[in-house]
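# What the coordinates show
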Amino acid sequence: MSKKNGFISEFKEFILRGNVMDMAVGVIIGGAFTAIVTSLNEDILTPILGIFGGTDFSELKVTLGSGENAPVLTYGNFITAVINFLIVALVIFCLIKGINRATERATALVKKNKEDAEATEPTEKDCPYCYSKINIKATRCPHCTAQL
């Protein structure tokens, strides 16, 4: 019985872990986004392209054979699916590109701030005896050998 409880508790811990929940949210939002893109393509873009091309993609098909039960190849639906994919891929590309640019800017800003902080901290000091430049951490001057 303890093995079963151990398995169940491990599974519960796995499910409630942050990255699994994030993935679930991403899948749900992706499904909703796909519905929006499909509607954009079928309800707006395809009719507009139909005006210029003279045809609606969803109506494009080829009947293979003859008779009532002849198979129909609806390649217009495939074209619509390809357009949906390209729209989704373009939006995802733009999002990733924007996220990468923001990350690069944030990283560059942190690096610049760190460099500025290092630049403002002195790394050298003057020896009070011979006035030579020495390392700020030095306890003895390498020029005059005076104890600091």
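The rules we used
Residues numbered from 1 in each chain as written. Predicted model: local features only at pLDDT ≥ 70, side-chain atom pairs only at ≥ 80, totals over all residues. Heavy atoms only, no water. Core = buried A, V, L, I, M, F, W, Y, C linked by side-chain atoms within 4.5 Å. Buried < 20%, exposed > 50% of the residue type's maximum accessible area, 1.4 Å probe, protein only. Helix = DSSP H or I, 4+ residues; strand = E, 2+ residues; numbered from the N terminus. Contact = heavy atoms within 4.5 Å. Patch = residues over 30% accessible without salt bridge, like charges linked within 9 Å, V, L, I, M, F, W, Y side chains within 5 Å. Areas by Shrake-Rupley, 256 points an atom, 1.4 Å probe, with all protein chains shown as cover. Salt bridge = Lys/Arg side-chain N within 4 Å of Asp/Glu carboxyl O.

Judged by nonpolar contacts, V37, F57, L60, I83, I87 and V88 together constitute the single largest core of six residues. Sort the elements by how many residues they give to this core and helix α3 (residues 75-120) lands first, with three residues.

Here the focus is the side chain of S132. Within the secondary structure, S132 sits in the loop between β3 (124-126) and β4 (133-135). A relative accessible area of 18% means that S132 is categorised as buried. Those residues in contact with S132, other than ones at most four positions away along the chain, are K125, D126, C127 and H143.

This part takes up a nonpolar patch on the surface. On the surface, a cluster of nonpolar side chains totalling about 760 Å² of accessible area is made up of V62, L64, L73, Y75, F78, V82, F85 and L86. Considering each element in turn, the nonpolar patch owes the most residues, five residues, to α3. Along the chain, V62 falls in strand β1 (residues 62-63).

This next bit is on the pattern of salt bridges. All chains considered together, the criterion is met by one salt bridge. Here D126 and K133 are joined by a salt bridge, their closest N and O atoms 3.3 Å apart. You can call D126 partly exposed: its relative accessible area is 43%. Judged by relative accessible area, which is 53%, K133 ranks as exposed.

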